[in-house]
Amino acid sequence: MRKNIVAGNWKMNTTVPEGVALAKEVNEALKANKANCDVVICVPFTHLCPVAAEIDQTVLGLGAENCADHKSGAYTGEVSAPMVASTGAKYVILGHSERRQYYGETSETLREKVALALENGLKPIFCIGEVLEERENGTYNDVVRRQVEEGLFNLSAEDFGKIILAYEPVWAIGTGKTATADQAEDMHAFIRGVIAEKYGKEVADNTSILYGGSCKPSNAAELFAKPDVDGGLIGGASLKCADFMGIVSAF
Ligand code: 13P
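Remember, it's a predicted structure, so these values are computed and weren't measured experimentally.

Next up on the list: the layout of surface pockets. Reported here for the largest pocket is a volume of approximately 420 Å³. Surrounding the largest pocket, 13 residues form its lining, Lys11, Met12, Glu65, Arg99 and Tyr103 being those nearest its centre. Sort the elements by how many residues they give to the lining of the largest pocket and helix α4 (residues 97–102) lands first, with three residues. Taken together, the residues that form the lining of the largest pocket break down as six nonpolar, three polar and four charged.

A word on the packing of aromatic side chains. Considering all chains together, one arrives at five aromatic pairs under this definition. Put simply, the rings of Phe153, Phe160 and Tyr199 pair up and form one aromatic cluster. Lying over the aromatic face of tyrosine 140, arginine 135 brings its terminal NZ or CZ to 3.7 Å of the ring centre.

Below, the discussion takes up helix α9 (residues 181–199). Relative to the 27 Å expected for 19 residues at 1.5 Å per residue, α9 spans 26 Å between its end C-alpha atoms, a close match to the ideal helical length. Every buried residue belonging to α9 is among Ala181, Ala184, Glu185, Met187, His188, Ile191, Arg192, Val194, Ile195 and Tyr199, and all of these are buried. Downstream of α9 by one or two residues, glycine 200 has phi in the positive range, about 95°.

Okay, the pairing of strand β7 (residues 209–212) next. Side chains Ile209 and Tyr211 of β7 all project onto a buried face; the interleaved residues Leu210 and Gly212 project onto the opposite face, where all are buried too. Direction of pairing for strand β6 (residues 164–167) relative to β7: parallel, over a ladder of three bridges. Note on β7: the bridge partner recorded for leucine 165 is isoleucine 209. In the sheet, β7 pairs with strand β8 (residues 231–234) via two bridges, with the strands oriented parallel. Paired with tyrosine 211 across the two strands is glycine 232, which belongs to β8. Handedness of the crossover joining β7 and β8 through helix α11 (residues 217–224) is recorded here as right-handed.

Spatially, β1-β2-β3-β4-β5-β6-β7-β8 is the arrangement adopted by the eight strands of the closed barrel, whose pairing is parallel. Averaged over neighbouring strand pairs, the angle between their axes works out to 25° when direction is ignored. With four bridges joining them, strand β2 (residues 38–43) and strand β3 (residues 61–64) adopt parallel strand pairing. In the strand pairing of β3, valine 40 is matched with glycine 61. The sheet contacts of α9 involve β5 (123–128), β6 and β7, and relative to β7 the element is tilted by about 145°.

In contact at an axis separation of 8 Å, helix α5 (residues 107–119) and helix α7 (residues 140–152) are set at 50° when each is read in the N-to-C sense. Taken together, α5 and α7 sit at an angle that is classed as oblique. The chirality of how α5 crosses α7 is right-handed. Touching Ser107, Arg111 and Val114 of α5 are Glu150, Gly151 and Leu152, all from α7. For the contact of α5 with α7, the residue count by class is two nonpolar, two polar and two charged.

Reading the values: the criteria
Residues numbered from 1 in each chain as written. Predicted model: local features only at pLDDT ≥ 70, side-chain atom pairs only at ≥ 80, totals over all residues. Heavy atoms only, no water. 1 Å grid on protein atoms, 1.4 Å probe; cavity = no way out; pocket = protein on both sides within 12 Å on 5 of 7 lines; lining within 4 Å. Points joined across faces, edges and corners; volume = space filled by probe spheres on them. Helix = DSSP H or I, 4+ residues; strand = E, 2+ residues; numbered from the N terminus. Nonpolar A, V, L, I, M, F, W, Y, C, P; charged D, E, K, R; others polar. Phe/Tyr/Trp six-rings, centres within 6.5 Å; stacked < 30°, edge-to-face > 60°. Lys NZ or Arg CZ within 6 Å of the ring centre and 35° of its normal. Expected span 1.5 Å × (residues − 1). Buried < 20%, exposed > 50% of the residue type's maximum accessible area, 1.4 Å probe, protein only. Pairing = 2+ DSSP bridges. Right-handed = clockwise from strand over helix to strand, strands pointing away. Axes fitted to C-alpha atoms, helices over the stretch in contact; angles between N-to-C directions. Contact = heavy atoms within 4.5 Å. Parallel < 35°, antiparallel > 145°, perpendicular 65-115°, else oblique. Left-handed = near helix turned anticlockwise from the far one by under 90°.

What follows is the structure in structure tokens.
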């Protein structure tokens, strides 16, 4: 059966010493209070090596927030999937709405990134989600279906089985406005249905689908209680150990 997962996305926050201290704090908290789900932190590239040296990845998984769409070569400023894997990280967030919106990521580049992540043994946390206008004009299911189909449906069933999905309605990210638990459940069940159409019920039932967007200790339990919500991808609330652990303990 699919895993429940709480993953932090630190985005572009914390210096290296601050990040290492936060990672150590979360790691210690998880050793003291065993989680009922997998817990992962996705951190800036600069933080991967020093954080990997300080945490126990059997307790707290480590991931990057992005990787390049090329393996190596003359791509100044980019960080490749093999580089990420060589730090000891096991996960990579791909297709976050901030990357789609501010850095022009398309389904085409994302297919390259997903392939490279998988080739290098990294588990993609693949993000999808509609903007406010699409929520309001009722096209949100079509938008999310297209993101899943275009970004991932070139994969074999075996490779698709390595993907973690994160539904993050863009209107709920960093806005304090959470999707209601029912809105999240409706979308997660819809996504699972789209996966089942392509790969069958067993693959769909085994896919973890996380919710992201203003998830915090006060609303996590209600969201995670929904049958198709398998955890969260947490932005702001992953930057404080107590808040992040409050969300983890919702399972
Ligand atoms: P917030 O939890 O800050 O709304 O961010 C969600 C997110 O984008 C996680 O990837």
